[in-house]
Amino acid sequence: MKQLKHDTWVKPYMTKYKGLLALILVLGLVTFICGGALMFTSGYLISKAATKPENILLIYVPVVLVRAFGIGRPVFRYIERLTSHNWVLKVTSDLRKRLYQTLAKDAAFFQQHFKTGDILGILADDLGHLQNLYLRTIFPTLISWLLYVIIVIALGLFNWFFALAIALLLAIIIFILPLVSVAVLGARVERHKQLQQELYTDMTDDVLGLSDWVVSGRQADFLARPQPTLKAARQNTVTTRHFEWRRDFLIQLIFGVVVVVLMIWTNQQFTTNQSLANWIAAFVLCLFPLVDAFAPVSQGVEEWPLYMSSVARLNHLQPVTRELPTQQTLSQPVAMIDFQQIDFKYAPELPQILQHFNLHIAAGEKVAILGPSGTGKTTLLDLLLGELEPQAGQVTINQVPIAALQQQRAQLIGMLDQKPFLFNTTVLNNIRLGNLAASDEAIMAALQAVELGPLMQRLPAGANTVVEEAGARFSGGEQQRLALARILIQDAPIILLDEPTVGLDPITEKALLNTIFNVLADKTVIWVTHHLQGVEHADQVIFLEHGQIVMQGSPHELYRTNERFRKLYQLDQGL
Amino acid sequence: MIDKRLLRLPGTKKVLLMLAGLTILQAFMILFQGKYLAQAIVNSWRLKALAWQYQAMLFFFLALLGRHLLNWLKSHVLDRYASKASAALRQQLLTKLFHLGPSLVAKQGTGNMVTMALEGTDQVENYMTLILNKMLNMMIIPWILLIYIFTLDARSGWTLLIVVPIVILFMIILGFAARDKADKQYAGYQQLANHFVDALRGLATLKLLGISDKYADNVYQVSESYRKQTMGVLRIAVLSTFALDFFTTLSIAVVAVFLGLALLNGQMALFPALATLILAPEFFLPLRDFSSDYHATLDGKNAMQAMFTILELPQPQQRQLLTAAPTWTADSQLDFTNVNVSYPGSNEADLADVSFSVRGYRKIGVIGESGSGKSTLINTLGGFLQPQQGDIRVNGQSVPHLSQEQWQQNFVYLPQKPYLFHATIADNIAFYQPEATAAAIERAATKAGLHEWLATLPDGLATLIGEGARGVSGGQGQRIALARAFLDSQRRILLLDEPTAHLDIETEVALKETMTPLFADHLVFFATHRLHWMQQMDYVFVIQHGRLVEQGTPAELQAQNGAYVALMAQMRGETL
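Cut-offs and rules
- Residues numbered from 1 in each chain as written.
- Chains lettered and ligands numbered in written order.
- Predicted model: local features only at pLDDT ≥ 70, side-chain atom pairs only at ≥ 80, totals over all residues.
- Heavy atoms only, no water.
- UniProt positions renumbered as here; feature names shortened; annotations may be inferred.
- Helix = DSSP H or I, 4+ residues; strand = E, 2+ residues; numbered from the N terminus.
- Rg over C-alpha atoms; globule rule 2.2 N^0.38 Å.
- Buried < 20%, exposed > 50% of the residue type's maximum accessible area, 1.4 Å probe, protein only.
- Contact = heavy atoms within 4.5 Å.
- Areas by Shrake-Rupley, 256 points an atom, 1.4 Å probe, with all protein chains shown as cover.
- Lys, Arg positive; Asp, Glu negative; His and termini not counted.
- Charge placed at Lys NZ, Arg CZ, Asp CG, Glu CD.
- Pairing = 2+ DSSP bridges.
- Core = buried A, V, L, I, M, F, W, Y, C linked by side-chain atoms within 4.5 Å.
- Buried area = accessible area lost by both parts, 1.4 Å probe.
- Salt bridge = Lys/Arg side-chain N within 4 Å of Asp/Glu carboxyl O.
- Domains from an automatic or database assignment.
- Polar contact = N/O pair within 3.5 Å; in protein donor to acceptor, adjacent residues only side chain to side chain.
- Axes fitted to C-alpha atoms, helices over the stretch in contact; angles between N-to-C directions.

- You'll find chain B entered in an unreviewed UniProt entry as Thiol reductant ABC exporter subunit CydD, with Loigolactobacillus jiayinensis given as the organism.
- UniProt's Subcellular location (unreviewed entry) comment on chain B is quoted here verbatim: "Cell membrane".

- If you check an unreviewed UniProt entry, chain A appears there as Thiol reductant ABC exporter subunit CydC from Loigolactobacillus jiayinensis.
- Per UniProt, the comment on chain A under Subcellular location (unreviewed entry) is "Cell membrane".

### Considerations on the overall build of chain A
Now for step 1: Counting its regular elements, chain A contains 23 helices and ten strands.
Now for step 2: For chain A, whose C-alpha radius of gyration is 35 Å, the value lies well above the compact-globule estimate of 25 Å for 575 residues.
Now for step 3: When its C-alpha atoms are laid out on the principal axes, chain A stretches across 120 × 60 × 50 Å.
Now for step 4: In chain A, buried positions account for 57% of the 575 residues.
Now for step 5: Across chain A, contacts joining residues at least 24 apart in sequence account for 75% of those joining residues at least 6 apart.
Now for step 6: As presented, chain A carries roughly 23800 Å² of accessible surface, and 59% of it is formed by carbon and sulfur atoms.

### Section: the overall build of chain B
Now for step 1: Counting secondary structure elements, chain B contains 19 helices and twelve strands.
Now for step 2: By the compact-globule yardstick of 25 Å for 576 residues, chain B is too spread out, its C-alpha radius of gyration being 35 Å.
Now for step 3: Projected onto its principal axes, the C-alpha positions of chain B cover 115 × 60 × 55 Å.
Now for step 4: In chain B, buried positions account for 56% of the 576 residues.
Now for step 5: Of all intrachain contacts in chain B linking residues separated by at least 6 positions in sequence, the fraction that spans at least 24 positions is 77%.
Now for step 6: Approximately 23600 Å² of chain B is accessible, and the part contributed by carbon and sulfur atoms is 57%.
Now for step 7: The average position of the 46 basic charges and that of the 44 acidic charges among the side chains of chain B differ by 11 Å.

### Quick notes on the UniProt feature "transmembrane region" (unreviewed entry) in chain B
Residues and elements named next belong to chain B.
Now for step 1: Per the UniProt entry, the sites bearing "transmembrane region" (unreviewed entry) are residues 15-32, 52-70, 135-152, 158-178 and 236-263 in this numbering.
Now for step 2: Measuring from the first to the last C-alpha atom of residues 52-70 gives 29 Å, for a span that is 89% helix and 0% strand.
Now for step 3: Structurally, residues 158-178 is divided into 100% helix and 0% strand, and its ends, taken at the C-alpha atoms, are 31 Å apart.

### A few points about the pairing of strand 3 (residues 363-367) of chain B
All names here are of chain B.
Now for step 1: Most of strand 3 sits inside the fold, with five of its five residues counted as buried.
Now for step 2: Burial along strand 3 is two-sided: Lys 363, Gly 365 and Ile 367 facing one way and Ile 364 and Val 366 facing the other are all buried.
Now for step 3: As judged from the four bridges shared by strand 3 and strand 10 (residues 523-527), these two strands associate in the parallel manner. Directly across from Val 366, in strand 10, lies its bridge partner Ala 527.
Now for step 4: Note that strand 3 and strand 11 (residues 539-544) share four bridges and pair parallel. Its bridge partner being in strand 11, Ile 364 is matched across the sheet by Tyr 539.

### Thoughts on the nonpolar core
Side chains that are nonpolar tend, in soluble globular proteins, to be buried together.
Now for step 1: Core analysis: the largest hydrophobic core is formed by 251 residues, its most contacted members being Phe 294 of chain A together with Leu 6, Leu 334, Phe 356, Ile 429 and Phe 525 of chain B.
Now for step 2: If you tally residues by element for this core, the top one is helix 5 (residues 110-152) of chain B, at 21 residues.
Now for step 3: Those residues within four positions of Phe 525 of chain B in sequence are excluded, and the remaining contacts are Leu 334, Phe 356, Val 358, Ile 364, Ile 378, Leu 381, Leu 494, Leu 495, Leu 496 and Phe 541 of chain B.

### With respect to the interface of chain A and chain B
Now for step 1: The partner chain B presents 139 residues to the 151 residues of chain A that form the contact.
Now for step 2: Across the chain A to chain B interface the summed buried area is about 13300 Å²; carbon plus sulfur atoms make up 69%.
Now for step 3: When the area that chain A buries against chain B is broken down by residue, the three leading residues are Arg 96, Tyr 100 and Val 215 of chain A, summing to 6%.
Now for step 4: The interface formed by chain A and chain B holds ten salt bridges in total.

### A closer look at helix 11 (residues 374-381) of chain B
All names here are of chain B.
Now for step 1: The element helix 11 is extensively covered by neighbouring structure, given that seven of its eight residues are classed as buried.
Now for step 2: Regarding helix 11, the residues found buried are Lys 374, Thr 376, Leu 377, Ile 378, Asn 379, Thr 380 and Leu 381.
Now for step 3: Once helix 11 ends, the next one or two residues include Gly 383, with phi positive near 85°.

### Notes on the pattern of salt bridges
Now for step 1: Counted under the stated rule, the structure contains 35 salt bridges over all chains.
Now for step 2: Here Asp 126 of chain A makes a salt bridge to Arg 313 of chain A, at a shortest N to O gap of 2.7 Å. One end of the pair, Asp 126 of chain A, is in helix 6 (residues 118-158); the other, Arg 313 of chain A, is in helix 14 (residues 304-316), with 187 residues separating them in the sequence.
Now for step 3: Of the residues examined, Arg 313 of chain A reaches a relative accessible area of 30% and is grouped as partly exposed.
Now for step 4: Residue Arg 530 of chain B pairs with Asp 572 of chain A through a salt bridge whose shortest N-O separation is 3.2 Å. A residue pair is termed interchain when its members come from two chains, as with Arg 530 of chain B in the loop between strand 10 and strand 11 and Asp 572 of chain A in helix 23 (residues 563-573).
Now for step 5: What you see here is one network of salt bridges that share partners, running through Arg 73 and Arg 77 of chain A together with Asp 245 and Arg 288 of chain B.

### Topic: the domain arrangement of chain B
Now for step 1: Partitioning chain B into domains gives domain 1 (1-151), domain 2 (154-267), domain 3 (321-410 + 492-576) and domain 4 (421-488).
Now for step 2: Domain 2 of chain B and domain 3 of chain B are separated by 57 Å when their C-alpha centres are compared.

### Considerations on the side chain of Asn 267 of chain A
Now for step 1: Mapped onto the secondary structure, Asn 267 of chain A falls in helix 10 (residues 227-269).
Now for step 2: A distance of 3.3 Å separates a polar atom in the side chain of Asn 267 of chain A from the backbone nitrogen of Leu 50 of chain B.
Now for step 3: Residues in contact with Asn 267 of chain A, not counting those within four places in the same chain, are Ser 44, Lys 48, Ala 49, Leu 50 and Gln 53 of chain B.

### As for the sheet that holds strand 5 (residues 400-401) of chain A
Residue and element names in this part refer to chain A.
Now for step 1: An order of 2-1-4-5 is seen for the four strands of this open sheet, with the pairing classed as antiparallel. With one partner strand each, in any of the chains shown, strand 2 (354-362) and strand 5 form the two edges of the open sheet.
Now for step 2: Alignment of strand 1 (residues 336-344) against strand 4 (residues 392-397), held across five bridges, turns out to be antiparallel. Looking across to strand 4, one finds that Asp 338 is bridged to Thr 396.
Now for step 3: Against the sheet, helix 15 (residues 377-385) touches strand 1, strand 2 and strand 4, its axis set at about 115° to strand 1.

### Overview of the domain arrangement of chain A
Now for step 1: According to the domain assignment, chain A contains domain 1 (2-315) and domain 2 (336-573).
Now for step 2: Taken over C-alpha atoms, the centre of domain 1 of chain A sits 53 Å from the centre of domain 2 of chain A.

Rendered as structure tokens:
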């Protein structure tokens, strides 16, 4: 309940489409009322018929009503299900857009992206949980409450004392037991999630580490490893189920008592004459279809803690927005990029990544950045993008700080990283993302330039072929080429390359680097690389170590003058 | 409706028998519940005093109690059976996994296997619980009730009986219609369904391309067209529930009207009419229950089929055949003659006609273009793949494959990215030798060059790594795997499958310094693209398109000026 107090992810949407929401509740209510009324009129009908009334017209009304309710129930139920799904999906569209915008606004997101890809899946799942929250908990509970009120008032018209007794009995089912369920099972739901996580870790260990298990010959250990967690999970499930069975039994028992009370009351109330007695069957029988409205409430509410952790996670999403200085626009073409006296660390307690770092890059230069992992090669690129802000110093393009160029950034800088992202749409659409106004001809020309022309001809639908999830249709080298075509379409003067060839074999790597530097000939290129293959494409090579430049110069010059460079280069060449 | 293999699982028949007994009992409880309820109402209707009702009310209540007690009991029985049976299946699956090894995982996908072992088993358990119970309910309860209804009023009995096939027919027709519609839209539908996660994952790219703001509207529009398509499918899918609902409710209404007319004509008394009316909904209840969980059972059924498919795969036999090589020594010999290997499910040989013999502590570099078959050779040497043809001899003893327990005790395997278990660094190092002493582990860690890094960790060797714990860089991961080899001096063969492909050049150089001393008294198979390692090799295999096209010492191959020289030149590129 606490989570809902300052909630902005559930409540606002309940009022946004309140007309439809009210319709869903009414339809749900009418469905159950039809079900009850069918048995009610049927009970009355046959009781009345059993008195053999002279005039057949006397049972004509109940006969018509029986048929009407018999048809009404399924029809209303059908409409209710469609309306509620439609409502939920409508809200989902809103929620998706909102989640997307929230994340897009978040300045910290870009940094975390590579580290925690999982969190995105979790957040997307949270929206799925919200759908179930509506369909399985909120709607059925509200409908049962409305029905409850109607029943109690209706009975109250006959006998207040009796209505109170029924009210109390039903209250156990729709108020007390759900609350008890949450209180008892809440902790177990958490525990279940935690055990599932542990199991997932164990199983991943088993599957991903399988070759090591096989080589180790430890079959017994392999099989025994997940057992304690499995046992604990089973124990947790068993106790949960035992509670549920007991509770469901209790619910049915209470219904039994309600029926008995109803029989006693009708016996007292309606036995003064025969025409009154015809109502007895009606009242008793109409209760049975209503069980379906009340019994599942506990089950729905039981999942509340699960949903609430989703709601809490969404409500916790507080985008870190950054204060940007007044934005400027470069009127002249890019002439130079400068890193001026940069000091940078990720957090006060973490080590210094860059210290008094200076670098001047002229337009059209190709700069290769090398250095052991963790020395801040990628950090340099993020600083240049303006995604990170240095503690001291600044990065400028044409002497304008990069922070003041964020609105123009996509026109200035393009980037190709280790695993470029391809969207699950056609090749054409993927490349058009670089420039939404690009013509098909321009895109085809870019595909030719990155040497994908022949591949496009082989594809079933040419450039209209869907790339499949994360570009799965294409090999690593081909994916990089597609992303490169996207960058060509984007046509920014500065291109950042973040180890684009990692994981490719040397022959593919060489060919890709040739293409990259061929098509980017007139651009400024800053290339972070993990080894020296293709380093001859660079005009300037920089070796980073401990936040400083320890080697700098053209590759030919370094090869001649620098012992360390020569040694590494020869290793890379296998000489 | 039900997978025959489920019935063959141990314990299923016994449980079915027990459940059938309980269900028959339950059917009678339902019958009595209706009968005594009708009795009590009829008594009231006859204007009798409350005292006349006690007996009927008591019996009604007892029957209701019994009915739900039996439910409880059935849940217990089923739950115990299903959890045991599904746990046994999971255990079989894991055993199978161990025997088939990484080639199975490569084919099925890691995520797929993990999901199958976890969610899959849960779904199977759920399926067993649902299907057995609901099927028996459907097979027993309605028919016992129907017989009783026939004794009360034959016309009502016929009405109910006729509705059953109609309902089933409609559900089948509508089910097919829904599936057709869903099938037609499937491709586009999947794409729409995944579009949102896709957009989130691609957000960084969209930001770089400067269109992240504009894309929000796209997210909304795609979600809306997804909604419209879903509603289109739902309209038909929900129709089958509607049909069930419609015909059952309507038939109850028809029965009520028939009963009313029969009563009016004096053809029957109130009690049988009322009992019939009360039992009519109970007659349909099992059918409704069955259809309401249809999708859950479908998932479970599919999960179970997937599991059985894997369990029925053939697994390597004769794994204890090899006795001739307890440890690899300077005089040991391995011979391959015309060996053909293909991955499971692949039609062509991924390795064809491979012949070689190696003796003692040779250092063999395996080179070739990517996809040429280097990994296939390493996997065959590790016993993870079994050859279809050819002769393999270890110290002269012929074996059908190298998935020999004794052979696997002889080597250490270092892949591109060694897997680190969710355990301490010490446990990871001692993975092949869990009984190793702390001192020995420490020594191995130092030899593998881990000491500097360990010194920076507050918990040292006891630091927890792996999934969800402390991250380990690529170079350190390789060193941990290397420490396993230093720890276990019995394992004298090293199988290296591009262990440095992901490392930057300086990390690789540092690792090389640690690694080369280990080569000294080991047989080494080293598959790599990184040419400088050839200087540490005394023999080279050149693999092209699955064939071992050249082998010899580097000097011999250099002199031959063949595939080796061409490949080296191609990989090297232009030099400065």
